[in-house]
2 protein chains.
Amino acid sequence: MQKSEEEKYGVRKLQISDKGKGFIDLLQQLSVCDSVSDKEFEDRFRDLAALGDDHVISVIEDEASGRIVATGSVFIEKKFLRNCGKVGHIEDVVVDSTVQGKQLGKRIVNFLTEHARSVGCYKVILDCSVDNKAFYEKCGFQQKSVQMAMYFA
Amino acid sequence: MQKSEEEKYGVRKLQISDKGKGFIDLLQQLSVCDSVSDKEFEDRFRDLAALGDDHVISVIEDEASGRIVATGSVFIEKKFLRNCGKVGHIEDVVVDSTVQGKQLGKRIVNFLTEHARSVGCYKVILDCSVDNKAFYEKCGFQQKSVQMAMYFA
């Protein structure tokens, strides 16, 4: 019996062995990420793992190729506002350009959103380009405001 | 000799005693924050203090009244992207409605921005309403993208 798309492309948390499966190459499709040593990767992995449920990176591994083909992260911000409320921030969602159209992005976003809900966040937010707005609307998001940025030299 | 505005309204980090100086009342001018017990405040304060430089809440205390009249926070997100880069996220900036026009908001934002820069962030970002965009442009920010949100029931 053939495996379903969901079985072939299951969502799971990032593992330390995923650097060897193209995780960093995948991030390069989103922004600069061209020199991360094994040591730097492992140090950052442990920093983030120490945050437990307050920081989750999800990935989809293509069973056939053994490559990481989609990822996205969520971190949980603890506030005083909203009666000591919590907010999930989704970041760095990317799907490999060779496997687009299989709803992998939506599955990653749903996984992160459900994580935020499960730990008691009152909302989950993210920033995206105007081009990606329709995708996030399909995932259940609505535009709320604008994102401002300052880059350091 | 009269004190300058900067002396009267210096920026410092939040202290656990600031709940008694109207810190929570100030947050209520931004969004719902109507029932935070002393115990909840202290627990959240300690959670956040444990993050060290990765989470800073700044406040301005009015020397004359002993009240907290401005606040804003920044937390530092650690990424794999951008070669294990770091991003500062500014949140929950509010100035007491009775002391507007004294550039307290700008001073809070500068404090948070400089913190992000000092710990090695490559950028600092925030979300704001279209109405507040001009204020953040004066602080050195530029619009980058749109913010999407999903609220949980």
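In short, a report on the structure. (Residues numbered from 1 in each chain as written. Chains lettered and ligands numbered in written order. Predicted model: local features only at pLDDT ≥ 70, side-chain atom pairs only at ≥ 80, totals over all residues. Heavy atoms only, no water.)

1. Comments concerning the interface of chain A and chain B
Part 1 of the argument: Opposite the 63 residues of chain A that make contact, chain B presents 63 residues.
Part 2 of the argument: For the chain A and chain B pair, buried surface summed over both sides reaches about 5800 Å², with 61% attributable to carbon and sulfur atoms.
Part 3 of the argument: The largest share of the area that chain A buries against chain B comes from Phe80(A), Met148(A) and Phe152(A), three residues that together contribute 17% of it.
Part 4 of the argument: Summed over the shared surface of chain A and chain B, the number is four salt bridges. (Contact = heavy atoms within 4.5 Å. Buried area = accessible area lost by both parts, 1.4 Å probe. Salt bridge = Lys/Arg side-chain N within 4 Å of Asp/Glu carboxyl O.)

2. Looking at the relation of the copies chain A and chain B
Part 1 of the argument: Overlaying chain A with chain B gives an RMSD of 0.0 Å, the required rotation being 180 degrees about an axis along which the chain moves by 0.0 Å. Here the copies are linked by what is in effect a two-fold axis. Of every C-alpha in chain A, the one belonging to Val146(A) sits nearest the axis of rotation, 2.2 Å from it.
Part 2 of the argument: A high fraction, 100%, of the interface residues of chain A reappear at the interface in chain B, so the copies pair face to face through one surface. (Least-squares fit on C-alpha atoms with pLDDT ≥ 70 in both.)

3. Here's the deal with the pattern of salt bridges
Part 1 of the argument: Scanning the entire structure with this criterion turns up 22 salt bridges over all chains.
Part 2 of the argument: Across the pair Lys79(A) and Glu91(B) runs a salt bridge, and its minimum N-O distance is 2.9 Å. A residue pair is termed interchain when its members come from two chains, as with Lys79(A) in the loop between strand S3 (67-78) and helix H4 (81-84) and Glu91(B) in strand S4 (residues 86-95).
Part 3 of the argument: Look at Glu91(B) and you get buried, because its relative accessible area is 13%.
Part 4 of the argument: In this structure, Asp54(B) engages Lys78(B) in a salt bridge whose closest nitrogen and oxygen atoms are separated by 3.1 Å. Here the residue Asp54(B) occupies a position in the loop between helix H3 (38-49) and strand S2 (55-62), and Lys78(B) occupies one in strand S3 (residues 67-78), the gap between them amounting to 24 residues. (Helix = DSSP H or I, 4+ residues; strand = E, 2+ residues; numbered from the N terminus. Buried < 20%, exposed > 50% of the residue type's maximum accessible area, 1.4 Å probe, protein only.)

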